[in-house]
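Architecture at a glance
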Amino acid sequence: MDKGDRVKQGTQSRRDQVADALRTRIQSGDLLPGDSLPTQKALMEEFDVERGVVRKALDLLKREQLLADVGRGSPPRVAEPRSPDTEAPRAAGVELADRIKLAFRAPHVTLDALNLTTETLTQALAPTVMRIATGEQRAPASITARILVPSPDAQLAIPQLIGDPTDDRPLQRLHDLVELHARSLHHTLRNLRERNLVPKVSVEVRGVPLTPTSKLYVLNDTEALMGYYRVLRREVEYKNEMMAIHDVLGLNAPLFHYSSGPDSRDEHDAAFVEHSRMWFESLWTSIAVPYPIGY
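Residues numbered from 1 in each chain as written. Predicted model: local features only at pLDDT ≥ 70, side-chain atom pairs only at ≥ 80, totals over all residues. Heavy atoms only, no water.

**Notes on helix α8 (residues 267-284)**
In an α-helix, one turn spans 3.6 residues, which is why side chains three or four residues apart end up on the same side. The cut-off we apply is this: Secondary structure elements follow DSSP: runs of H or I no shorter than four residues count as helices, runs of E no shorter than two count as strands, and numbering proceeds from the N terminus. A helix is expected to span 1.5 Å for every residue after the first. Partly exposed describes any residue whose relative accessible area lies between the buried limit of under 20% and the exposed limit of over 50%, with all areas from a 1.4 Å probe on protein chains only and scaled to the type maximum. By arc we mean the arc of the directions from the helix axis to the C-beta atoms, nothing more. By the convention used here, residues are in contact when the closest approach between their heavy atoms is within 4.5 Å.
Over its 18 residues, α8 extends 26 Å from the first C-alpha to the last, a length consistent with the 26 Å expected when each residue adds 1.5 Å. All buried positions along α8 are accounted for by Asp269, Val273, Ser276, Phe280, Leu283 and Trp284. Each buried residue of α8 lies within a common arc of 100° when the element is viewed along its axis, so the set occupies one face. The exposed set on the far side of α8, more than 90 degrees from its buried face, consists of Glu267, His268 and His275. Taken together, the buried residues of α8 touch β4 (108-114), β5 (142-150), β7 (200-208), β8 (214-219), β9 (223-228) and β12 (254-259).

Next up, the structure:
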């Protein structure tokens with residue numbers, strides 16, 4: 001083996017030592033998804049190696065899909081876990097709960113949602129709120145939630161009584177559900193402020209004269225989750241009477257995830273997030289009006 005081969009082998013050995021140490025920290029949970037690694041200078045000093053060795057170690061971990069943002073001028077971050085199971089769209093209640101858990105690690109959380117009743121969102125928030133309340137997860141400094149739901153006076157296409165679309169009982173039932181879940185969501189988030197866990201909390205619900213055919217969630221302006229409502233025939237009870245209606249169910253609807261953050265797949269992901277954010281903003285600042293929620 002000549003001198004050049006020995007130098008190359010030595011560099012790879014030191015690269016592997018650095019990579020092994022960082023990999024262990026990631027796999028053990030010392031570094032969590034979204035956490036930033038130390039700077040290259042700090043890693044050089046910690047492992048007593050040259051900058052080129054650190055860069056090679058970081059590149060190796062990126063190829064293993066353990067790191068994101070490598071080579072962008074700032075310390076890389078631990079990538080979100082990706083597997084064949086999580087690549088496919090998952091049920092809204094499961095996917096949204098997982099994304100909210102990660103989004104709430106940011107110091108300032110923003111949550112924009114367009115949905116039919118906010119039931120899925122309220123349920124998805126509960127595990128993260130519980131972890132914050134018990135001290136298992138660090139609380140953000142602020143939470144801003146903006147929720148869009150159908151206006152109570154809008155003539156919606158769905159839900160609809162089968163055989164008599166002029167019967168307004170399905171719409172009355174819908175708005176009872178909206179008020180129920182919106183009050184619960186409002187209470188859940190405001191309770192974090194009242195318990196001095198989150199210093200600043202803002203929750204606002206507005207109505208729009210639209211029939212939602214899909215649900216949209218924009219988290220921290222860097223993630224968008226979208227799923228379609230599928231129209232179903234259902235038997236429901238309202239004021240002690242059974243009704244056959246055309247309705248939609250969203251809790252188990254698949255949610256498609258798009259990101260402009262470190263786990264973004266390509267430029268189309270980032271474009272979808274940006275246009276989703278702009279579309280929501282256009283509704284919020286134009287035809288949306290405060291939703292009358294009783295407390």
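Additional details are given in the paragraphs that follow.
**Examining the packing of helix α6 (residues 119-134) against helix α7 (residues 169-194)**
Note the cut-off: Axes here refer to lines fitted to C-alpha atoms; in helices the fit is confined to the stretch in contact. Angles between the N-to-C directions go from 0 to 180 degrees. Roughly parallel here means an angle under 35 degrees, roughly antiparallel means over 145, roughly perpendicular means 65 to 115, and every remaining angle is called oblique. In a left-handed crossing the near helix is turned counterclockwise from the far helix by less than a right angle, and in a right-handed crossing that turn is clockwise. Basically, the charged four are Asp, Glu, Lys and Arg, the nonpolar ten are Ala, Val, Leu, Ile, Met, Phe, Trp, Tyr, Cys and Pro, and anything else, Gly included, counts as polar.
Closest axis-to-axis distance for the α6/α7 pair is 10 Å, and the angle between their directions is 20°. By the angle between their directions, the pair α6 and α7 is classed as roughly parallel. Relative to α7, the crossing made by α6 is left-handed. Facing Glu119, Leu121, Thr122, Leu125, Val129 and Ile132 of α6, the residues of α7 in contact are His181, Ser184, Leu185, Thr188, Leu189 and Leu192. Of the residues assigned to the contact of α6 with α7, the class counts are 7 nonpolar, 4 polar and 1 charged.

**Considering the pairing of β9**
Just so we agree on the cut-off: Pairing between strands is defined by DSSP: at least two bridges between the two strands are required.
Burial of β9 is extensive: 5 of the 6 residues sit out of reach of the surface. Across 6 bridges, β8 lies against β9 in antiparallel orientation. When the bridges of β9 are listed, Lys215 appears paired with Gly227. Where β8 folds back onto β9 in an antiparallel hairpin, the turn is made up of 3 residues, including Asn220, whose phi is positive at roughly 55°. As paired strands, β9 and β12 are joined by 4 bridges and run antiparallel to one another. When the sheet's bridge partners are listed, Met226 is paired in β12 with Phe256.

Geometry only, nothing functional implied.
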